Amino acid sequence: MKNNNKHLGLVTKKFNNFFLVDLKNQENLGDSQKFLCKVRKSINFKDQLIYVGDEVWIENIDLLSKRAVIKSIKKRKNLLVRPSVANISNIYITFSVDEPELNLSQVNRFLISAESMGVEVSLVLTKCDLISDKRRFSLVDKFERWGYQAITLNLKKSHYFNNLLAELKQKECSIFMGPSGVGKTTLLNMIIPGLQNSTAPVSHKIKRGKNTTRNVELFSISNQSFIVDTPGFNMQPLKVDMRLLPNLYPEIYKQVVDEGIRCKFRNCLHLNDEGCNLNKSFERYFFYKEMIESTKSHYYQNQED
Ligand SMILES: Nc1nc2c(ncn2[C@@H]2O[C@H](COP(=O)(O)OP(=O)(O)O)[C@@H](O)[C@H]2O)c(=O)[nH]1
Ligand SMILES: [Mg+2]
Ligand SMILES: [Zn+2]
């Protein structure tokens, strides 16, 4: 039985030349939702690769063999690299409060590279069973000053996890990003029943890269809501153009947008006081300056190449 209408689908998995596509609206196609697709030959996709997370139009749907053909790609909203995933709506920057110890400069870099994607960014703090409530509250306060409402998790208390899960089910496509050993896989295993990716204690992990790389995959967690599984990826913060940096710090752009501050020079990097009207007495200003300096040296290095 063939259906020749065109349907919108979501690429959830990628094999060599095949794509697993979930139909977005399942009108008139019964229970079948997932189709193994090839790309239509007549289309030149050479410079337009298809990624997991892409929305595609499929046709020649065969309901028996569950096969179809990808006809075209819908314009994508964004593309994350390493792992390559398209159309992310939410990035959950994930760090443990201990084991490994919380590194604020690293948290800052992950937050900024997530902000540079132009998506909704949240902060998750795992392993809160390892610290006192007092310390936990002080961290929540700190990140509130950074512009983030941190979600604190504790494997021993499912209550917090359930709140996060309910939130994820309201989002289109979420991903956990953070360094190795913070509990991302543990979280994914709790969110996606039956996933059973292997987790490893921190010390063990440092000795050797234990993950065997599998491909990125999207898992449905509720109707039209997905989470990215990124096995075998050690997430690294992306490099960000320094001219964009002022827009990526809530403490800065809130002053510009809410309070309407203006500096003398239009593209002020807020480094010197002359003609700069930014109130620099916020906690992350030091990190901000440090980041500008390091991107500056990269910038000049690249110019010389
Ligand atoms: N104490 C504690 N340990 C945790 C928690 N979540 C994860 N872990 C442990 O942290 C280690 C690394 O977890 P894993 O999920 O592999 O981290 P990933 O590298 O970010 O994927 C494992 O030994 C987990 O059992 C937590 O809430 N509390
Ligand atoms: Mg992992
Ligand atoms: Zn300024």
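Novice: Can you break down the coordination of the zinc ion (ligand 3) residue by residue, with the values?
Specialist: Here the zinc ion (ligand 3) is held by C263 (SG), C268 (SG), H270 (ND1) and C276 (SG), and the distances to it run 2.1 to 2.4 Å. In this structure, the zinc ion (ligand 3) is surrounded by four donor atoms whose angles at the metal cover 104 to 113°, and the resulting shape is tetrahedral. Here the donor residues for the zinc ion (ligand 3) map to a single chain with the spacing C-x4-C-x1-H-x5-C. Residue C263 is located in the loop between α6 (250-257) and α7 (285-304), and its partner C276 is located in the loop between α6 and α7; the two are separated by 13 residues in the primary sequence. Judged by its relative accessible area of 17%, C263 is buried. Judged by its relative accessible area of 9%, C276 is buried.

Novice: Would you mind going over the packing of aromatic side chains in detail, with residue names and values included?
Specialist: Inspection of every chain in the model, using the stated rule, returns eight aromatic pairs. Put simply, the rings of F143, W146, F286 and F287 touch in pairs and so form one group of aromatic residues. Stacked on the ring of W57, the Lys or Arg K6 has its end atom at 4.6 Å from the ring centre. Across the ring face of Y51, the terminal group of K14 is positioned such that the distance to the ring centre comes to 4.9 Å.

Novice: Break down helix α3 (residues 158-168) for me, with residues and values.
Specialist: Residues F161, L164, L165 and L168 constitute the buried set of α3. Looking straight down α3, one finds its buried side chains confined to an arc of 100°; they lie on one side. For α3, the elements touching its buried residues are β9 (90-96), β11 (151-152), β12 (173-177), α4 (184-191), β13 (217-222) and β14 (225-229).

Novice: Any details on the packing of α3 against α4? Residues and values, ideally.
Specialist: Between α3 and α4, the shortest axis-to-axis distance is 11 Å and the interhelical angle comes to 70°. It follows that α3 is roughly perpendicular to α4 by the angle criterion. Along its contact with α3, which presents F161, L164, L165 and L168, the element α4 presents L187, M190 and I191. Of the residues that constitute the contact of α3 with α4, the class distribution is seven nonpolar, no polar and no charged.

Conventions we followed
- Residues numbered from 1 in each chain as written.
- Chains lettered and ligands numbered in written order.
- Predicted model: local features only at pLDDT ≥ 70, side-chain atom pairs only at ≥ 80, totals over all residues.
- Heavy atoms only, no water.
- Donors = N, O, S within 2.8 Å, 3.2 Å for Na, K, Ca; no water.
- Tetrahedral: all angles 85-135°; square planar, octahedral: opposite > 155°, others 65-115°.
- Helix = DSSP H or I, 4+ residues; strand = E, 2+ residues; numbered from the N terminus.
- Buried < 20%, exposed > 50% of the residue type's maximum accessible area, 1.4 Å probe, protein only.
- Phe/Tyr/Trp six-rings, centres within 6.5 Å; stacked < 30°, edge-to-face > 60°.
- Lys NZ or Arg CZ within 6 Å of the ring centre and 35° of its normal.
- Arc of directions from axis to C-beta.
- Contact = heavy atoms within 4.5 Å.
- Axes fitted to C-alpha atoms, helices over the stretch in contact; angles between N-to-C directions.
- Parallel < 35°, antiparallel > 145°, perpendicular 65-115°, else oblique.
- Nonpolar A, V, L, I, M, F, W, Y, C, P; charged D, E, K, R; others polar.

Read these as geometric descriptors, not functional statements.
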